[in-house]
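# Commentary on secondary and tertiary structure
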Amino acid sequence: VETDNLGRLTVLFMYLSGVLQGCIASGFLFDMCIDPFLEMMEDNVAAAGRGIVRACADDIGAALRDFRELRHLYEPFDLAACCAGLTLQPTKCKIIVTSCALTAEIIQTIRAWLERVLPSWRNFIICDAANYVGVVLGPASGATQWKGPVDKYIAGCRCIGTSGVAAAVAAHTYNTRLVPLLAYKSQLVPLRYFIRAEITGLQKVFHLATNALSHNA
């Protein structure tokens, strides 16, 4: 859809469902189409001092000073639904409470407000921690921050350790397949105590004794 200088809408091309996967123009079309909605979010939220909005591809997140500011995000998403037929999936949308401990009373208060003001968003998940582009956000992130990557890491170590392949192959597989699992998140979140999992994984891959490697090696 294109808007001319008189505000009239013109359909440039028809769409049937989403963006064609594998098409070399997909990325360009997506960027071109989502930009007006991101600009609207910026005007409604950031420019008005209500919070900040960030996007990574089609993963959009906002940090708001008050959950009631969600009403200012509704307009761009509603417009996107009208223009592109894209609607938010409640199971993938999460409201992370950061200013206080999450209780049943808090959840009930937010849910009641959504029912009254934004009924189409009433089934959004209300929680105190959630994953956003690989990083767990929220006051309850804690140990769950590294659970996913470490679980995959340990499973991979066990797989290599039981495969019976040569040490050179095991080392290559470990460096190319398993190290990146932890490297991405470690750029943003310290490993801290989760470094123990990496040492345990190394011991299993190379069949080392439990005291062969120290945790500060």
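Quick note: structure is the one above.
This structure is a prediction, so every number in the text was calculated from the model and none was measured.

So, how was this worked out
Residues numbered from 1 in each chain as written. Predicted model: local features only at pLDDT ≥ 70, side-chain atom pairs only at ≥ 80, totals over all residues. Heavy atoms only, no water. Helix = DSSP H or I, 4+ residues; strand = E, 2+ residues; numbered from the N terminus. Contact = heavy atoms within 4.5 Å. Areas by Shrake-Rupley, 256 points an atom, 1.4 Å probe, with all protein chains shown as cover. Pairing = 2+ DSSP bridges. Patch = residues over 30% accessible without salt bridge, like charges linked within 9 Å, V, L, I, M, F, W, Y side chains within 5 Å. Salt bridge = Lys/Arg side-chain N within 4 Å of Asp/Glu carboxyl O. Lys, Arg positive; Asp, Glu negative; His and termini not counted. Charge placed at Lys NZ, Arg CZ, Asp CG, Glu CD. Polar contact = N/O pair within 3.5 Å; in protein donor to acceptor, adjacent residues only side chain to side chain. Expected span 1.5 Å × (residues − 1). Buried < 20%, exposed > 50% of the residue type's maximum accessible area, 1.4 Å probe, protein only. Arc of directions from axis to C-beta. Core = buried A, V, L, I, M, F, W, Y, C linked by side-chain atoms within 4.5 Å. Phe/Tyr/Trp six-rings, centres within 6.5 Å; stacked < 30°, edge-to-face > 60°. Lys NZ or Arg CZ within 6 Å of the ring centre and 35° of its normal.

### Brief notes about the overall build of the protein
Per the secondary structure count, the protein includes six helices and eight strands. Written out in order from the N terminus, the α and β elements of the protein read β-β-α-β-β-α-β-α-β-β-β-α-α-α. Pairs at least 24 residues apart make up 56% of the contacts formed inside the protein by residues separated by at least 6 positions. Carbon together with sulfur atoms contributes 58% to the accessible area of the protein, which is approximately 14400 Å² in total.

### With respect to the pairing of strand β4 (residues 59-64)
Judged from the six bridges that link them, strand β3 (residues 51-56) and β4 form a sheet pairing that is antiparallel. Bridge pairing in β4 places V53 opposite A62. The hairpin turn running from β3 into β4, its antiparallel successor, is two residues long, and A57 in that turn takes a positive phi close to 55°.

### Some details on a negative patch on the surface
Together, D31, D35, E39, E42 and D43 make up a negatively charged patch on the protein surface. Considering the arrangement of structural elements, one finds D31 in helix α1 (residues 26-46).

### Side note on the environment of R50
Structurally, R50 is set in the loop between α1 and β3. Spatially, the C-alpha atom of R50 lies 6.0 Å from that of L64, the residues being 14 residues apart in sequence. In this structure R50 touches N44, V45, A63, L64, R65, E69 and H72, once residues within four positions along its chain are discounted. Among the polar contacts made by the side chain of R50, one reaches the side chain of E69 at a distance of 3.5 Å.

### Describing helix α3 (residues 104-117)
Turn by turn, an α-helix covers 3.6 residues, leaving residues three or four places apart pointing in a common direction. A rise of 1.5 Å per residue sets the reference length of α3, with its 14 residues, at 20 Å; its end C-alpha atoms lie 20 Å apart and thus fit the reference within 8%. Those residues of α3 that sit buried are I110, W113 and L114. Axial view of α3: buried residues confined to an arc of 100°, hence all on one face. Away from the buried face of α3 by more than 90 degrees, exposed residues A104, E105, Q108 and R116 are located. Packing partners of the buried residues in α3 comprise α2 (71-84), β5 (94-96) and β6 (125-127).

### Digging into the nonpolar core
Counting 16 residues, the largest nonpolar core has L70, L73, I95, I110, L114, L118 and W121 as the members making the most contacts within it. Elements with a minimum of two residues in this core: α1, α2 and α3. If one sorts the elements of this core by residue count, α3 sits on top with three residues. The contacts of L70, once residues within four sequence positions are left out, are L64, I95, W113, L114, L118 and W121. Grouped together as the second largest cluster of nonpolar side chains are 11 residues, V135, Y153, A170 and Y174 included.

### Here we look at the packing of aromatic side chains
What characterises a pair of aromatic rings is the spacing of the ring centres plus the angle enclosed by the ring planes. Within the structure shown, the criterion is met by five aromatic pairs. Taking 5.5 Å as the distance between ring centres and 90° as the angle between the ring planes, the aromatic pair formed by F67 and W113 counts as edge-to-face. Of this pair, F67 sits in the loop between β4 and α2 while W113 sits in helix α3, placing them 46 residues apart in sequence. Classification of F67 as partly exposed rests on a relative accessible area of 21%. Put simply, the rings of Y74, F77, W121 and F124 pair up and form one aromatic cluster. Sitting over the ring of W146, K185 keeps its end group 6.0 Å from the ring centre.

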